[in-house]
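# Results of the structural survey
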Amino acid sequence: MKPETTHEGAASRRKFLSGMAAFGAAALLPGCQTAGTGGKPYRIDVHHHIAPPAYSSALKSMMRGHARWSVQASLDDMDKNGIATALTSLINPGLQAWPKDVAGARKISRESNEYAAKLARDHPGRFGSFAVIPFTDIEGSLKEMEYALDTLKADGIYLWTSYGGKLLGDPEFFPVLEEMNRRKVVVYTHPATPACCAGIMPWISINAIEGPVDTTRTMISLVFQGGAARYPDIRWIFSHSGGVTPFLLSRFERHMIDGKNAKEMAPNGPMHELKKFYYDTAQGNHPGALDALRRLAPVSQIVYGTDFPFRGGAEVSEGLSGYGGFSRGDMMAIERDNALRLFPGLKA
């Protein structure tokens, strides 16, 4: 004998089936895709490293190495984690390995940029590129920037946060910043191994602390040495949710009161400049970092970044979706739409 169907039971089943249908429909929407699920890739990764063969060979000849990387490893991680396009940048140590070799730095810049352009051609829609330039070599930087942007059609320029102890806001580099400003370039930055601090804590990786600190140093050098206000059309992206910048805001605001020439260098104040910068989510996708970053910058300035091959897309996607502080619209902005605003050509 069939059990009697109660009104409450029927309603519960309808609610369950309705919920399952909604879940199934949501799973088909790009904004609801998480690591390991199917569906069309849509995320744009602005922090994705590569190691061109000529670069790897040059490092090997100097008895230096880098993290293991391959094209297939990049594509596998992208496919597994819903990443449609990765904007590539040279894996560390980069041009720091050629500190005084002008010819060597120019050569490796050109070879690396041509490799990145070929990678994008060979895999249409999957890769863009941030071109590397020999930043301390002003003439070489201007020439390589022209070639990379005009001939190779790079999406932007890649800089380390410091070069031989000099930060990006050093007036010595203003001729390069001036040209970047004229072109309205997107400049992606990545922490260097700062010259000051390599031996302070030998029992832990220098990148665990000094990398994020170097990001903050270079951001503040741009603010308080005048580069940010002087060249307002450069679109800056800073790694790892801005390093330690969000935690030091009150100190920088105090510098506006006590610091020599602070008001001249940053006439609109530090928050005006810091809110204009963009911040990627690589290794800064946990609640403490995201809470702090949201006090510094609006969602419109946060972009998705993985730090591949050091970290994978799963860590970032799961960190962002598990955070709980972002709406579905926020997530789509971070994972795709904010990058499209910077790189409208990726829509194709």
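Here the structure is a predicted model, which means the values were calculated and not measured.

### Quick word on the environment of Met-256
Take Met-256: it is sitting in helix 9 (residues 249-258). Under the relative-accessibility criterion, Met-256 is labelled buried at 14%. In this structure the C-alpha to C-alpha distance between Met-256 and Gly-269, which are 13 residues apart in sequence, comes to 6.9 Å. Ignoring anything within four residues of it in the chain, the contact list for Met-256 reads Phe-224, Ala-262, Lys-263, Ala-266, Gly-269 and Pro-270.

### Concerning empty space enclosed by the protein
The full count for this structure, using the stated rule, is two cavities of 30 Å³ or more. In this structure, the largest cavity occupies an estimated 50 Å³ of space. Every residue lining the largest cavity is listed: Ile-50, Thr-88, Ser-89, Leu-90, Ser-112, Asn-113, Ala-116, Phe-130 and Val-132. Counting residues per element, the ones that place at least two in the lining of the largest cavity are strand 2 (83-90), helix 4 (102-122) and strand 3 (127-132). The class makeup of the residues in the lining of the largest cavity is five nonpolar, four polar and no charged. For the second largest cavity, the calculated volume is near 30 Å³. Together, Asn-113, Ala-116, Ala-117, Ser-129, Ala-131, Ala-148, Leu-152 and Ala-154 line the second largest cavity. Among the elements of the structure, helix 4 and strand 3 are those that each provide at least two residues to the lining of the second largest cavity.

### Notes on the state of the cysteines
Overall, the coordinates contain one disulfide when judged by the stated rule. Here Cys-196 pairs with Cys-197 through a disulfide, and the sulfurs are 2.2 Å apart. Note on the Cys-196 and Cys-197 pair: the S-S dihedral is about -85 degrees, so by sign convention the disulfide is left-handed.

### Quick look at the sheet that holds strand 9 (residues 278-280)
Read across the sheet, eight strands follow the order 1-2-3-4-7-8-9-10 without closing on themselves; strand pairing throughout is parallel. Only two strands of the sheet have a single neighbouring strand rather than two, namely strand 1 (43-50) and strand 10 (302-303). In this structure, strand 9 lies alongside strand 10, joined through two bridges in parallel fashion. Across the sheet, residue Asp-280 finds its bridge partner in strand 10, namely Val-303.

### Considering the layout of surface pockets
If you add up the space inside the largest pocket, you get close to 500 Å³. Tallied by class, residues from the lining of the largest pocket come to 13 nonpolar, eight polar and five charged.

### So, the pairing of strand 8 (residues 235-238)
Walk down a regular strand and you will see the side chains alternate between the two sheet faces. In this sheet, strand 8 lies alongside strand 7 (residues 186-190) in parallel orientation, the contact comprising three bridges. Each residue of the ladder has a partner; that of Tyr-188, found in strand 8, is Ile-237. Here two bridges tie strand 8 to strand 9, and the two strands are oriented parallel to one another. Paired with Ile-237 across the bridge in strand 9 is Tyr-278.

### Focus on the nonpolar core
Within the largest apolar cluster, 90 residues are counted, with the highest numbers of intra-cluster contacts made by Leu-159, Met-180, Trp-236, Ile-237 and Phe-343. With near-sequence residues (within four places) excluded, Phe-343 lies in contact with Val-46, Leu-87, Phe-130, Asp-155, Val-186 and Ile-237.

### Details of the packing of aromatic side chains
Scanning the entire structure with this criterion turns up 14 aromatic pairs. Ring centres of Tyr-55 and Trp-98 lie 6.2 Å apart, and the angle between their planes is 40 degrees; on these two criteria the pair is classed as tilted. In this pair, Tyr-55 sits in helix 2 (residues 53-61) while Trp-98 sits in the loop between strand 2 and helix 4, placing the two residues 43 residues apart along the sequence. Here Tyr-55 matches Trp-98 in class, with each residue buried. Measuring from centroid to centroid gives 5.8 Å for Phe-130 and Phe-343, while their planes differ by 65 degrees, and the two rings are edge-to-face. Remark: Phe-343 occurs in the segment after helix 14 (328-342) and Phe-130 occurs in strand 3; sequence separation between them is 213 residues.

### What about the side chain of Asn-113?
Relative to the elements of secondary structure, Asn-113 occurs in helix 4. Separated by 2.9 Å, the side chain of Asn-113 and the backbone nitrogen of Val-132 make a polar contact. Setting aside chain neighbours within four positions, we find Asn-113 in contact with Ala-131, Val-132, Glu-144, Ala-148 and Leu-152.

What counts, and at which threshold
All residue numbers refer to positions counted from 1 along the written sequence of the respective chain. Restriction of local features to residues with pLDDT of at least 70 applies here, the model being predicted, together with a cutoff of 80 or more for giving and counting side-chain atom pairs; totals for whole chains, interfaces and linings are based on all residues. With hydrogens and water stripped out, all remaining heavy atoms of the structure feed into the side-chain values. Helix and strand assignments follow DSSP, with helices taken as H or I runs no shorter than four residues and strands as E runs no shorter than two, numbered in order from the N terminus. Three labels apply to residues, based on accessible area from a 1.4 Å probe with only protein chains included: buried if under 20% of the type maximum, exposed if over 50%, partly exposed otherwise in between. In this description, contact between two residues means that some pair of their heavy atoms is separated by no more than 4.5 Å. Here a cavity is any set of points on a 1 Å grid over the protein atoms alone where a 1.4 Å probe fits but cannot get out, and a pocket is any open set with protein on both sides within 12 Å along at least 5 of 7 lines; a residue lines the site when it has an atom within 4 Å of a point. Grid points are joined across faces, edges and corners, and a volume is the space filled by probe spheres set on the points. When residues are grouped by polarity, Ala, Val, Leu, Ile, Met, Phe, Trp, Tyr, Cys and Pro land in nonpolar, Asp, Glu, Lys and Arg in charged, and all others, Gly among them, in polar. The definition used for a disulfide is geometric: two cysteine sulfur atoms within 2.5 Å. Paired strands, as defined in this entry, are two strands with at least two bridges between them according to DSSP. To qualify as a nonpolar core, a set must consist of buried Ala, Val, Leu, Ile, Met, Phe, Trp, Tyr and Cys residues joined through side-chain atoms within 4.5 Å. Stacked, edge-to-face and tilted are the three classes for Phe, Tyr and Trp ring pairs, Trp counted by its six-membered ring, which pair at centre distances within 6.5 Å; planes under 30 degrees apart are stacked, over 60 edge-to-face, the rest tilted. Two N or O atoms count as a polar contact when they lie within 3.5 Å, although within protein this holds only if one can serve as hydrogen donor and the other as acceptor, and sequence-adjacent residues are included solely when both atoms are side-chain atoms.

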